[in-house]
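Report on the structure
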Amino acid sequence: KKRNLLLSRSKRRKRENKRRTYIYTTMSSNGSVITFAVNGQRYEVKPGEYDLTLSLNSFIRRHTPFKGTKLSCSEGGCGACVVDIARREDSLGRSSKSSPIAHYSVNSCIRALASMDGWSVTTTEGLRKGEDFHPIQKRIADFNGSQCGFCTPGMVMTLYSSLQQKPHSTMAELENRYDGNICRCTGFRPILDAVKSFATDSNISNQVNSQIPFTKGPYDHHQFDPEFPEYLNSIDTSRRLSFNDANGRRWDRPSTVSEALQIASKTQDSSTVKFVNANTSVGYVKAESRFIQQFIDIANIADLHEIKTSDEGLTIGGATTIAHFIDALRSNVQSQSIDKVRSFSSLADHAYRVASVHVRNVGTVAGNLILAKNHGFVSDLAVILLGAKATITSATVQSNNSENIVRNTETIEQFLSKPQAQGEYRIVERITVPWTNGNTHFRTYKAAPRPQQAIAHLHAAMNIEVNQVGVVIGEPVIAYGAVMEMDQPGSHPIRATRTESVLKGKSILDKHTLDAAISAVNADFAEHVAGSHGDGGEDPKHENTTKGPAAQASQKYRARVAAGFLYKFLISVLTTFTDLGPLQISRSISATVDPAERGVTSSTQNFQQVVTAEEKKATPVHKPIPHIASRQQAAGDAVYTDDIKSIKGTLFMAFIVSDRARVVLEAIDTTEAEKLSGVVKTFVARDIPGFNNVAPMPPSVNPLFIDIGEEVKYVSQPLGVVVAETEKIVREAVRRVQIRYKHQEQYLAPVLNIESALADENVKEFKTTFEKSVQTGNPAYYFDLAEKNQLPEGSKLLKGKVHTGTQHHFYMETQCVYAVPDESGVIRVHLPTQWPDGVHSVLSKVLNVPFKQLQIVHRRAGGAFGGKAAHCMTTASATALACYHLGKPIRLTLSREEDFAIFGGREETLANYEAVVDKNGSIDAIKIRGFLNSGFSAGFTGMTIVASARNSTEAYQVENLDVVYGVVKTNTHPRTAVRGPGETQASYVIENIMDHIAHELNLLPETVRERNFYGAKKTGIITDTLTGLGLTSYKAPDGTSIDPYTIPEMWERVKTKSEFEAKREEVAKFNRENRWKKRGLSITTVRYDVGIRSMSAIVNIYGDGSLIVRQSGTEMGQGLNTKVAQAVTGEFLHIFGSDITDEQYEELSREILTRTKLGDIESDVTANAGVTGGSTGSEATVEASRLATQELANRLKPIVSEVLSKRKSDSSSESASTSSSTSSKPSLWRDICQTAKSKGINLQHQAMYTGGSTGGISKGISYHNFGVAASEVEVDIITGEFSTRSVDLVYDCGKSLNPAIDIGQCEGAFIFGLGHWMREHVEWNSAGKHQSNSTFAYHPPCVKDVPMRWSVELLADSRWNKGVLSSKASGEPPLVLATSVVMAVKEAIREARRENGVNEYFNLDAPLTPESIQEAAGTKEDQFTF
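Residues numbered from 1 in each chain as written. Predicted model: local features only at pLDDT ≥ 70, side-chain atom pairs only at ≥ 80, totals over all residues. Heavy atoms only, no water.

1. Quick notes on the overall build of the chain
On a plain count of helices and strands, the chain comes out with 44 helices and 43 strands. Expected size for 1426 residues packed as a compact globule is a radius of gyration near 35 Å; at 32 Å, the chain falls within 12% of this value. Dimensions of the chain, computed from the C-alpha atoms along their principal axes, are close to 95 × 90 × 75 Å. The burial tally for the chain puts 64% of its 1426 residues in the buried class. Once local pairs closer than 6 in sequence are excluded, the contacts in the chain between residues at least 24 apart make up 78%. Across the chain, the mean location of the 160 positive side-chain charges is 4 Å away from that of the 158 negative side-chain charges. (Helix = DSSP H or I, 4+ residues; strand = E, 2+ residues; numbered from the N terminus. Rg over C-alpha atoms; globule rule 2.2 N^0.38 Å. Buried < 20%, exposed > 50% of the residue type's maximum accessible area, 1.4 Å probe, protein only. Contact = heavy atoms within 4.5 Å. Lys, Arg positive; Asp, Glu negative; His and termini not counted. Charge placed at Lys NZ, Arg CZ, Asp CG, Glu CD.)

2. Side note on the packing of aromatic side chains
In this structure the tally under the stated criterion is 35 aromatic pairs. On the basis of an interplanar angle of 85 degrees and a centroid distance of 5.1 Å, the ring pair of Tyr781 and Tyr782 is categorised as edge-to-face. Given a relative accessible area of 45%, Tyr781 falls into the partly exposed group. Judged by relative accessible area, Tyr782 falls into the partly exposed class, the value being 21%. Ring centres of Phe865 and Phe1312 lie 5.0 Å apart, and the angle between their planes is 50 degrees; on these two criteria the pair is classed as tilted. In this pair, Phe865 sits in the loop between strand E30 (854-858) and helix H29 (872-886) while Phe1312 sits in helix H41 (residues 1299-1318), placing the two residues 447 residues apart along the sequence. Phe1312 shares its class with Phe865; the two are buried. Pairwise contacts between aromatic rings join Tyr567, Trp1076, Phe1424 and Phe1426 into one cluster. Seen from the ring of Phe900, Arg896 lies directly overhead, with NZ or CZ sitting 5.9 Å from the centre. Here the basic side chain of Lys1386 rests over the ring of Phe1402, its NZ or CZ set 5.4 Å away from the ring centre. (Phe/Tyr/Trp six-rings, centres within 6.5 Å; stacked < 30°, edge-to-face > 60°. Lys NZ or Arg CZ within 6 Å of the ring centre and 35° of its normal.)

3. Things to note about the sheet that holds strand E41 (residues 1262-1276)
One open sheet accounts for five strands, arranged E19-E43-E42-E41-E35; its pairing is mixed. Taken across any chain shown, the strands that pair with only one partner, and hence form the sheet edges, are strand E19 (602-606) and strand E35 (1077-1091). Ignoring which end each strand starts from, the neighbouring axes of this sheet average 10 degrees apart. Relative to E41, E35 is paired through 15 bridges, and the arrangement is antiparallel. Counterpart to Lys1078 in the pairing with E41 is Val1275. Strand contacts of helix H35 (residues 1047-1057): E19, E35, E41, strand E42 (1282-1292) and strand E43 (1349-1354), with the helix running at about 25 degrees to E41, the strand carrying the most contacts. (Pairing = 2+ DSSP bridges. Axes fitted to C-alpha atoms, helices over the stretch in contact; angles between N-to-C directions.)

4. Focus: the side chain of Thr432
Mapped onto the elements, Thr432 comes out in strand E14 (residues 424-434). On the accessibility criterion, Thr432 (9% relative accessible area) is buried. A distance of 2.9 Å separates a polar atom in the side chain of Thr432 from a polar atom in the side chain of Thr315. (Polar contact = N/O pair within 3.5 Å; in protein donor to acceptor, adjacent residues only side chain to side chain.)

5. Brief notes about the nonpolar core
In terms of nonpolar packing, the biggest core is built from 240 residues, with Tyr480, Ile508, Leu574, Phe1132, Phe1310 and Met1318 touching the most fellow members. Sort the elements by how many residues they give to this core and helix H19 (residues 555-574) lands first, with 13 residues. Contacts of Leu574, omitting those with residues within four sequence positions, involve Ile508, Leu509, Leu514, Leu580, Leu583, Ile585 and Phe1426. Listed in part, the 45 residues of the second largest apolar core include Val849, Ile856, Ala880 and Ala977. (Core = buried A, V, L, I, M, F, W, Y, C linked by side-chain atoms within 4.5 Å.)

6. Concerning unusual backbone geometry
The amide bond that connects Pro698 to the next residue, Pro699, takes the cis arrangement and shows omega of 5 degrees. Its place among the elements puts Pro699 in the loop between strand E22 (679-684) and strand E23 (711-712). Cis geometry is adopted by the peptide bond preceding Pro1044, which originates at Asp1043 and carries an omega value of -10 degrees. On the secondary structure map, Pro1044 appears in the loop between helix H34 (1016-1019) and H35. Its identity as a non-glycine residue notwithstanding, Gln453 has a phi of 40 degrees, on the positive side. In this structure, Asp1357 is a non-glycine residue whose phi angle is positive, near 55 degrees. With respect to the secondary-structure elements, Asp1357 resides in the loop between E43 and helix H42 (1373-1376).

7. Comments concerning the sheet that holds strand E8 (residues 273-276)
With respect to topology, four strands assemble into an open sheet ordered E6-E7-E9-E8, the strand pairing being mixed. Each end of this open sheet is capped by a strand with a single partner; those strands are strand E6 (241-244) and E8. Neighbour-to-neighbour, the strand axes of the sheet open up by a mean angle of 15 degrees, direction not taken into account.

8. Brief notes about the pairing of strand E29 (residues 827-830)
Of the pairings in the sheet, the one linking strand E28 (residues 816-821) to E29 comprises four bridges and is antiparallel in character. For Pro821, the partnering residue across the bridge sits in E29 and is Ile827. With antiparallel pairing between neighbouring strands as the criterion, E28 and E29 make up a hairpin whose turn holds five residues, including Ser824 at a positive phi of roughly 60 degrees. Pairing analysis gives four bridges linking E29 to E30, with the strands arranged parallel. Bridge assignment links Ile827 to a residue of E30, and that residue is Leu854. Each parallel crossover has a hand, and for E29 linked through helix H28 (residues 836-847) to E30 it is right-handed. (Right-handed = clockwise from strand over helix to strand, strands pointing away.)

9. Quick look at the pairing of strand E12 (residues 391-398)
Burial analysis of E12 places six of its eight residues in the buried class, which makes it a mostly covered element. As paired elements, E12 and E14 share eight bridges and run antiparallel to each other. Across the sheet, residue Gln398 finds its bridge partner in E14, namely Glu424. Bridge analysis of E12 against strand E13 (residues 401-411) gives seven bridges, and the strand direction is antiparallel. Paired with Gln398 across the bridge in E13 is Asn401. The hairpin formed by E12 and E13 contains two residues between the paired strands, and Asn400 there has a positive phi angle of roughly 60 degrees.

10. Brief notes about the pattern of salt bridges
In total, this model carries 86 salt bridges according to the counting rule given. Asp179 serves as the salt-bridge partner of Arg360, at 2.9 Å between the closest nitrogen and oxygen. Taken as a pair, Arg360 in helix H12 (residues 357-360) and Asp179 in the loop between helix H6 (171-176) and helix H7 (189-196) lie far apart in primary sequence, 181 residues in all. The class for Arg360 is buried, based on a relative accessible area of 2%. Notably, a salt bridge pairs Arg1110 with Glu1162, separated by 3.0 Å at the nearest N-O pair. Of this pair, Arg1110 sits in strand E37 (residues 1107-1111) while Glu1162 sits in strand E39 (residues 1161-1162), and the two are 52 residues apart along the sequence. Owing to a relative accessible area of 12%, Glu1162 belongs among the buried residues under this scheme. (Salt bridge = Lys/Arg side-chain N within 4 Å of Asp/Glu carboxyl O.)

11. Focus on the confidence of the model for the chain
Per-residue pLDDT for the chain has a mean of 91; in total, 93% of the residues score no lower than 70. Below pLDDT 50 for its whole length, residues 1-31 participates in 49 contacts with residues either more than four positions away or in separate chains. Across residues 533-550, confidence stays below pLDDT 50; counting only partners more than four residues off in sequence or on other chains, it has 49 contacts. (pLDDT = per-residue confidence, 0-100.)

12. Examining helix H44 (residues 1410-1417)
Within H44, six of the eight residues are buried, leaving the element largely enclosed by the surrounding structure. Here H44 has its buried residues at Pro1410, Glu1411, Ile1413, Gln1414, Ala1416 and Ala1417. Looking at the packing, one finds that the buried side of H44 touches H19, E41, H41 and helix H43 (1379-1395). Positive phi appears at Gly1418, one or two residues downstream of H44, with a value of about 80 degrees.

Here it is, written out as C-alpha cells:
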C-alpha cells in the first residue's frame, strides 16, 4: 500500500504498459487482432479459435481473474452483469483519438467480445486500489445496500458509469439511471439513498448507520478513479477488421456502408447475415445467433453516427444510439423554437422508457427498428416514430450484385410492413424526424406490466394538427403498437386509418366527431387483431423468445386501452382551447388524462432501543452495523459458487429436459449429441447407482431423472444430463438430443391449476393425502343458524373465493454446483444451499455412498428465499452423479430460463370462505376450505398448508374457526417454500374477508379490522380507543401464546405517523376531482408465528487474536454472519467487567469484530447442518455461537486477569524508565490470546442450541411476530397501472440484534411481497410450457415500485423479553404487510366502480395485473364520453 502511494503517475504508466499481454487464441484469417483492456490489463485476442458469439461477460468470468461481474439472466434484463466501457469518441459516438473519453454502462452478458476493440472495460474490482475501497463501494455497503451481494457489483458500476458521464448529477437523474437493475433483497431503498448521496442536490443522511461518516455530493474523480490505459490511445479503431472463428463463421468490421453491403452481398442466404452495432437484440432473440454465418459490425461507419438538423427536421444516422437520440431531441427542445419541436419532448420521454439505460447506451435506433421489422418485436421506437411522421432511408443490395446499391426513403409504416426479400441486404442509413408547427398536437402513451424495462401491453403515438377554430387539418396519424400478435415476423405497429379519416377535416370541438373517433378506433383495432399472424412456433430461429401469451395482454384489454389512449389524447387537445362551445369538459376528466410526474423518492428509518448499561459495554450487540461482507461484495471480492476457480480438466454439464407433460417416455436418443466434438458423456436414470428420488421430505417422490417407460409429469422435467468440455458445447449438445414419447397423439392435456385438478376425472391422481385442519370454538352453531335464517338482526353470512397465483424466487444467483473429486473417492460439492444436511442425505442415497464420501460446502448464496432448500438437491445430485462416474470436476450453472422452467416457486392457493358477522362487523365464525398447488410433487407444501391453516386468522381474533387446507398436485414444476410460505396466502384470505365485511356493512375497512383485534369484542371497544387491548394474555387458534400482542400500539403509531385520518379525507377529495385516476388507502397487520430450530457453532481462537466461527446457519444475504460476529464479540467483552475503561471497550469491540471471520459450512466440520429458514436462522446461530463463546470466555477469564495485572505492572515500570518503548507491544486482545495459547489452553469449542428442546425441524422455541403498515396508492383506471405513493410501516422486532440489518430485512421483505401481489404474474400455455420464463416475461419489482415516501420503524420499547437476547425475526413477517398495497388498490378500484355504477362486492385474484385492475374497475369504451 505504501509503495503504491509513493509511485509517481509516470512510473505507474510504465508499469501498466509492461503488464502481461493475454492471448487466448492462436491464428486468424488475416492477422486481425482485437485489443482491449479489463481493469487496465491489456488483452489481445486473435479470434481464430473462439466463438464469435462469446459474450464479454463469459470472457471476463472464464478467462480473466475478475469474477466480481456476475451472470444472472443472460438477457440484459437484471443488471448483475453491468460493467463500464470507455474509449475516446466524439459527441456523436464515433471513435476518435483526439476526443475526450466517453463512458457507458453496458450489460456484459449481451455484449459481443468481438466488438470490444479499443475499449477499456472496468469492473468493480478495477475501482479498488489496494486495500482502499472506492467511495462508491464504501457508500453502498455502509448504507446497507448490499445483502446477498450478487447484484451489488452491477449496482456499483451503474453508479460509477453514470457519474463518469455526468459527475454533477441530481438525485432525480441518478435515481432514473437504475431502470435496468434488479435487487431481490434490499427493496432498493438503501441503494437509492447511497446513490443519491453523490448528487449535487443531495439531502440524504445515513439514518441507520449514522455513526459512519460520509460527505454528500460528488467525490473527487481524480483521486479515486482508475486511469484510462495509455496504450489504448495508439490503437486505430477505425481500421477494418476481418476474421473467422473455428466454425467458419465470419466477423467483418468495414468502414463504409458500401463496404458493408459488398461483404453481405457475397452470401446467398440473407437470413445468415446480420449487421450488428451493439447486438443487444441477442438478449431477446436468443437463438438467432446460432444461424448467423456472417456478422458485419457497422459500429465504425462514421456516416451512420451523424446527427444534424435541416429544413426537414432532425436527422440521425442509423447507428445513433438510443441515448444519443434522446440527447439530440432534448438538445433541440432547448435550441429550437417551441413550435418546431412540439413532438420532441414526448419522443424523448418515451424513448427513455425503452429497455434500460445499459441498453440505450449502446443499442441503436435502427437496430431497434430492424428487430421490429424482422421479428415482430414490440418496439416503442417504431410506434413513436410512426406517430411523429418520421422517414427512414435505407441502402440495399441484392446477392452477388454489390455494385447496384439502391437507396430508398420511406415512411416508418412502409419500412416495417414490407417483408425482407430473400437475398436482399439492408442498412438503415438515417432516420429523419420532421419539425412540427404551431398547430401540432403530439402525445405518446404506454401501458406495461411495470413502469420500467417492460415490453408494452399497448403503446400509441398520436399526431394531429388543429387550427384555431378546432378543425383538424393536414394528415392526422393515430398509431398503435402491440395490436398484432407479438414476436411474429410480419407483426408491426398499425395506423388507425378509420379513426384518422373520422378526424381529418372535422372539428374537434364537435361531440359527434369525438364519439365517432372512439367508435372508429375499436373497428381499427379489431381489423388488425384479426389480421395478425400465426404463432410462427416452428421457426427454430424464434425458439427461446418470449411468446405472446406471457407478455401480451388479452385483446379485450388492449382494445379498451386503445380507446382510452385516444380519449386521453383528445381530452388533452381540447384542454388547450379556452372556448369549447357547447362541449363541457369537467375538471375531474381534464385533470386525469396525463401521467403524473414521479419525483424523487424519500424515506425515513427509525429505531429506538432501551439498552442497559451492561449491554452498552457488550458492544456491538444491538447496534446498527453494516453487513460484515458488504464491502467485499461491493468490490467483487466475495466468492460465490460459480466464482470458484475451475480446476484444470473441469467439465460442464446441462440438463436434458422434457418438452411434453403427462406422457410416457419412450426413448432418449443422444446419438447426434454425442457426435459433437467435445461431448464427453450423457447420463440418464439407469446410471443412478442408488435411489432415484431427490424429494426433500418423505413420502414425497421427485425423481432425479424420469426413466424410460415412466410418465413425464411436467414440461422441462429432467430426463438426464450431458457433460462436455465447454458451456457452449454442452448447450448445443442438449439441443441435439431427441426425445420420443409413447402415443403422443393420445396424451391427456396437462392439469395446470387447482380448479382443473379438482375438476379432472382422475382427481385421485392429483388430490393428495396431505391435509391440515384447525378447529376452535363452535363454528357449526353459527353456520347452522345461518342455514336456518335465524341469525340475530343485522348479522350476515358472507361467502367468497380467494385465489393467489405462484411467485418465483428469482434469486439473483441461479442454481449452481461445482463438484470436485478428492482422494479415496470423496466428492466435494460446492453449492449455495439452505439445507446442507438435506443435500448430504439425498446425495448419499442417490449415489449409494456413505456420508463420509461426500463433503458439502456452502459459503454464501446470492439470494435464496426458500428456493435453495429443496431445489438444489436436484442440481447437486445430478452434478455429483457425473463427478462420481467420470472422476472429473463438474460445473453446472443453470440459465435463468432453465431455473424458471425446472423449479417452481410459491404455491398457487384457492380458498373458499364463509363468515358470520354481527351488525358491528365483529366476526362470529369463519369456515375456510383451501387448496395449495404443489406442482407434481408435494415436497414442502405439506409444511406450507400447516402455516396457512395455523395463521388463517392472522392478527385478528376469531373464536369459532373451521379451517382445512389440502394439497393438490398438477402437471407443473415442483413448488417449494418461498419467503413467507403459507402465512402470505393466509393473510390475503383473511384481509379479503375483512374487506368483504366492510363492503357489506358499509363500514370503513380499518374499522372492521379494529373491531376484530384480540380483545376488542370482549371489551366492547369499537372505534374510540385501542388502549389496553395489548395488555391481556391471548392465544392463537393453535393454542400458542401470542403475548405480548403489540398490534394495537403499532396500529395507533402508524395511523399517527401517516396522518391516516387526514389522508383519508385527501384521498376522498382526490377521487371526487379525478374521473380516471383513483387513490386508495389501506392499513393492515401481520401476525406471523416462527420457531427457532437447532443450530450448532464452533468457535476457534488463534494466537494472533483472530477468530474463525463456523456455524450451521447458511448466509444468504439476511445478515446471519454479521449478527453472529456481533454476538461473539459481545460475549468476549463480558469477561473484562469493570477492569477496563469505556475507551478500551470500544477499542476491543472494534478489534475482535474485525478479527472475526465466519468460515464456510463444510459437512465434515459443521456436521448435520439443518435448514436455515423460517426467519429464525440468525437467532439460532447467534445463540449457538454465544454458547460456544461463553465456554471459551470462561477459559480466558484467568488469562485476562493475568494479562491486565502484568500490563499494569509493565506500565508502572515503563513510566519509571524514560528509555522504554511500548510501540512493539501487542494489543490487549492479542496479548490475551497469545498468552492463552502459550499456556496450552484449548481455544476451540463447539456448542449446539436446541431451542430448549431436543431440536429438529418442528421443535424449539416458537413465538409470534407483529407489524402494521399503511399504504396509499394511485391507479390509472384506463390502463390499470398503479403506483405506491406512500408506505408507513412499524414492526416489532423485539430488541433488534442489529437494527441496520433488521430494517433492511423489513424493506426487502415488503417489496418482495409487493412483487407477489402486484407484479409477478406467471403463465403456462395449454401444453404445459412455462411461459413466464425470462426477464422479458416475468417482472419482479423495479426501482419505480419503491414507495414515493417510505417510513420504516422498529417498535420502540418492545415488551418482548424472551427468545435470543430479546430479539425477534425480521426476514419474512414484513412481507405480509404488502397486503396493505393490494388492499389500497382494491379501495381505489371500488371508488371507480361506484362512479361506473357498479356496487356489488368483487374478488381480485392475485397477483393483480393492469388488465385485472382495469377489468375490476368496470372500465368500458362507452364510458369515454365528452
